[in-house]
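Secondary and tertiary structure notes
The chain contents come next:
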Amino acid sequence: MATISVRDEATELLQGLLRANTVNPPGNETLAAELLQAYLEDAGVECELYAKVPERANLVARIPGRGGPTLALISHTDTVRADPEEWTLDPWSGELRDGEIWGRGALDMKSHVAAAAVAVATLAREGFVPAGDVIFVASADEEVGEDFGLSWLCANHPDSIRADYCVNEGGGDRLVINGRPAYLCGTAEKMSSPFILRVHGRSGHASMPGIADNALVRASRLIQRLAEYQPKTRDLPEAAAFLQLVGTNDPSELDPPLRAVVEPMLAHAISPTIIEASKQTNVIPALCTVVCDCRLLPGETQAEAEAEIRAALGEDNYDFAWVEGVGGTASPLDTPLWRAIESFVDELEPGAALAPIVNAGFTDSHFMRSAFGTVCYGFFPMRAMDSEVAAALIHSADERIPVDDLELGTRFLMHVARTLEE
Ligand SMILES: [Zn+2]
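About the criteria used
Residues numbered from 1 in each chain as written. Predicted model: local features only at pLDDT ≥ 70, side-chain atom pairs only at ≥ 80, totals over all residues. Helix = DSSP H or I, 4+ residues; strand = E, 2+ residues; numbered from the N terminus. Rg over C-alpha atoms; globule rule 2.2 N^0.38 Å. Buried ≥ 20, exposed ≤ 12 C-beta atoms within 10 Å, placed from the backbone. Contact = placed C-beta atoms within 7 Å. Pairing = 2+ DSSP bridges. Domains from an automatic or database assignment. Axes fitted to C-alpha atoms, helices over the stretch in contact; angles between N-to-C directions.

In terms of regular secondary structure, the protein is built from 13 helices and 20 strands. Taking 2.2 N^0.38 as the reference for a compact globule, 422 residues should give roughly 22 Å; the C-alpha atoms of the protein span a radius of gyration of 23 Å, in line with that estimate. Reported as C-alpha extents along the three principal axes, the dimensions of the protein are approximately 80 × 45 × 45 Å. Across the 422 residues in the protein, those meeting the buried criterion constitute 46%. By sequence separation, contacts in the protein at least 24 residues apart represent 79% of the contacts at least 6 residues apart.

Right under this line is the structure:
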């Protein structure tokens, strides 16, 4: 009977969360926080809301432990936008159809939010006393990152969320590597380090291109060079264990799903994303700005990367400036949390490997690592849904999760809370 209740409870809670529109911007995560608060308090779990502004609350709840190492289960309640025109079903319907729950955030990451809440509520109702406090954190503003969510909690309410160990998003996909099933575990992530190119020319009347020097045309040549640029690969200690399982660090030898995991671990990556030039059709722009998303490897400095990027761009009339650099942290592998996740994988699928990866994208794990030195991993096991299918649905249309995977994730989080060693 217990099986049915965890599954149904997680389904119902996820449906409620999906029906609360928390598209960021503007966020409105208080809708989700209050829903979770009502659910958790009903199970006897004490909750606290922390909000920089009233409509963007973060929820923190806790099961008191016996003074051992603390475990934070963190997740974010905001989502990216969704265009209903592109969807088969209403993105805020939370509809259950053919064993899958549909809606924006079903994968990223309201499923994980619901699973963690149900895990905590179930353990609390059982009267479970963990080794150390188990802390449930459902935070705002991960997708935009304007300091309403976990970064703000770390700076303003550190005692409410400080933890020795932490499980977050950023892993759990199942792949087959050299014939052996493997579950990916995010143990490190790249630094989000966008830069801006200001390309200079000379303005003039657009009716006579010959008299001016069009900065937009100049910029297009530089963008082309960035598109053709092959960044230098590096042997990253954080990637070594994974590459050993793979048996090669030549991504061209690998199947697409595995290649998509390996490639980001080898070098920095650049994507030009925003361009701005003249505001008027008949004026040739003297300035064109190009913003590039850029992800550096953990340990790689901006100065090192800049030298390589400038060499690829060549001599031209431009200024190069970093916009910021956030993230790029890693956690060690030989830890009690690693063993707790490994024992789950071993029960789930004997012989399967737990494979540490460097995430290409940024997650809130970075804030826990840098604020408290927390050992932070990204793991939410997915087995029913193919990892390639899931990857294509995140931030895209028709996002949905199989109920089987929602239940699996809930059981995983309960397993970690129960087995984390003293
Ligand atoms: Zn996310």
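To continue, consider helix 11 (residues 365-372). Where helix 11 is concerned, the buried positions are Ser 365, His 366, Phe 367, Met 368 and Arg 369. Of the residues trailing helix 11, Gly 373 is marked for its positive phi of about 65°.

Following the sequence through the fold, His 157 ends up in the loop between helix 4 (150-156) and helix 5 (158-161). Residue His 157 is classed as partly exposed on the basis of its C-beta count, with 14 C-beta atoms lying within 10 Å. Sequence separation of His 157 and Tyr 50 is 107 residues, and the distance between their C-alpha atoms is 8.2 Å.

Taken residue by residue, a regular strand's side chains alternate between the two faces of the sheet. By the criterion of burial, strand 2 (residues 57-63) is predominantly enclosed, with 7 of the 7 residues buried. Neither face of strand 2 is open: one carries Ala 57, Leu 59, Ala 61 and Ile 63, the other Asn 58, Val 60 and Arg 62, and all of them are buried. Sheet topology note: the strand 1 (residues 46-51)/strand 2 ladder contains 6 bridges and is antiparallel. Among the inter-strand pairings, Glu 46 is bridged to a residue of strand 2, identified as Arg 62. Connecting strand 1 to the next strand, strand 2, in antiparallel fashion are 5 residues.

For the rest of this paragraph, the subject is the domain arrangement of the protein. Per the domain assignment, the segments making up the protein are domain 1 (2-173 + 328-419) and domain 2 (191-232 + 267-327). The centre of domain 1, based on its C-alpha atoms, is set 37 Å off from the matching centre of domain 2. Contact residues are listed per partner, giving 7 residues for domain 1 and 8 residues for domain 2.

With that settled, consider the sheet that holds strand 4 (residues 96-97). Pairing is antiparallel in the open sheet, where 3 strands are placed in the order 4-5-20. Single-partner strands in this sheet number two, and they are strand 4 and strand 20 (400-402). Bridge count for strand 5 (residues 100-102) against strand 20 is 3 bridges, and the pairing is antiparallel. Bridge pairing in strand 20 links Ile 101 to Ile 401. On top of the sheet, helix 13 (residues 403-419) reaches strand 5 and strand 20; it is set at about 75° to strand 20, its chief contact.

What follows is about unusual backbone geometry. Trans is the prevailing form of peptide bonds, just as negative phi is the prevailing case for residues other than glycine. Of note, the amide linkage connecting Asn 24 to Pro 25 takes the cis form, showing an omega dihedral of 0°. Within the secondary structure, Pro 25 sits in the loop between helix 1 (2-19) and helix 2 (30-42). The omega torsion across Pro 25 and Pro 26 is 0°, close enough to zero to call that bond cis. As for its position among the elements, Pro 26 is in the loop between helix 1 and helix 2. A positive phi angle is found at Asn 28, which is not glycine, with a value near 50°. If you trace the backbone, Asn 28 turns up in the loop between helix 1 and helix 2. Phi is positive for Asn 178, which is not a glycine, with a value near 50°. Topologically, Asn 178 is positioned in the loop between strand 8 (174-177) and strand 9 (180-189). Its 11 C-beta neighbours within 10 Å are what place Asn 178 among the exposed residues.

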